[in-house]
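Letter by letter, the chains look like this.
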Amino acid sequence: MQLNKKERKSLKKVYRKELVKRSHIYKIAAAWVTTVPLSAILAALLFFMLRGMLLP
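Residues numbered from 1 in each chain as written. Predicted model: local features only at pLDDT ≥ 70, side-chain atom pairs only at ≥ 80, totals over all residues. Heavy atoms only, no water.

Right, let's talk about the overall build of the protein chain for a bit. Assigned secondary structure in the protein chain consists of one helix and zero strands. The C-alpha radius of gyration computed for the protein chain amounts to 24 Å, which surpasses the reference 10 Å derived for 56 residues by more than 25%, pointing to a less compact arrangement than a globule. If you line up the protein chain on its principal axes, its C-alpha atoms span 80 × 15 × 10 Å. Of all 56 residues assigned to the protein chain, the portion counted as buried reaches 0%. Looking at the protein chain as shown, the accessible area adds up to about 5800 Å², and 72% of this sits on carbon and sulfur atoms. (Helix = DSSP H or I, 4+ residues; strand = E, 2+ residues; numbered from the N terminus. Rg over C-alpha atoms; globule rule 2.2 N^0.38 Å. Buried < 20%, exposed > 50% of the residue type's maximum accessible area, 1.4 Å probe, protein only. Areas by Shrake-Rupley, 256 points an atom, 1.4 Å probe, with all protein chains shown as cover.)

Dropping the structure here:
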């Protein structure tokens, strides 16, 4: 199956859009990987600080 120049060009555009979408997914995943554990650590610190203050 032979593609003419116009069809190849349109295929390249679609492929580039897919690559851009994939890079967005990687950025979002990286943000989740960093923020979720950090928020869990901060919540634990806050919990234990408050618990320590309220204990007699």
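Let us now look at the packing of aromatic side chains. Within this structure, the stated rule accounts for one aromatic pair. Between Phe47 and Phe48, the aromatic rings sit 5.1 Å apart at their centres with planes inclined by 70°, giving edge-to-face as the arrangement. Phe47 gets classed as partly exposed once you look at its relative accessible area, which sits at 48%. (Phe/Tyr/Trp six-rings, centres within 6.5 Å; stacked < 30°, edge-to-face > 60°.)

Moving on to a nonpolar patch on the surface. Together, Leu46, Met49, Leu50, Met53 and Leu54 make up an exposed nonpolar region whose accessible area comes to about 590 Å². Overall, Met53 belongs to the exposed group, its relative accessible area being 62%. (Patch = residues over 30% accessible without salt bridge, like charges linked within 9 Å, V, L, I, M, F, W, Y side chains within 5 Å. Salt bridge = Lys/Arg side-chain N within 4 Å of Asp/Glu carboxyl O.)

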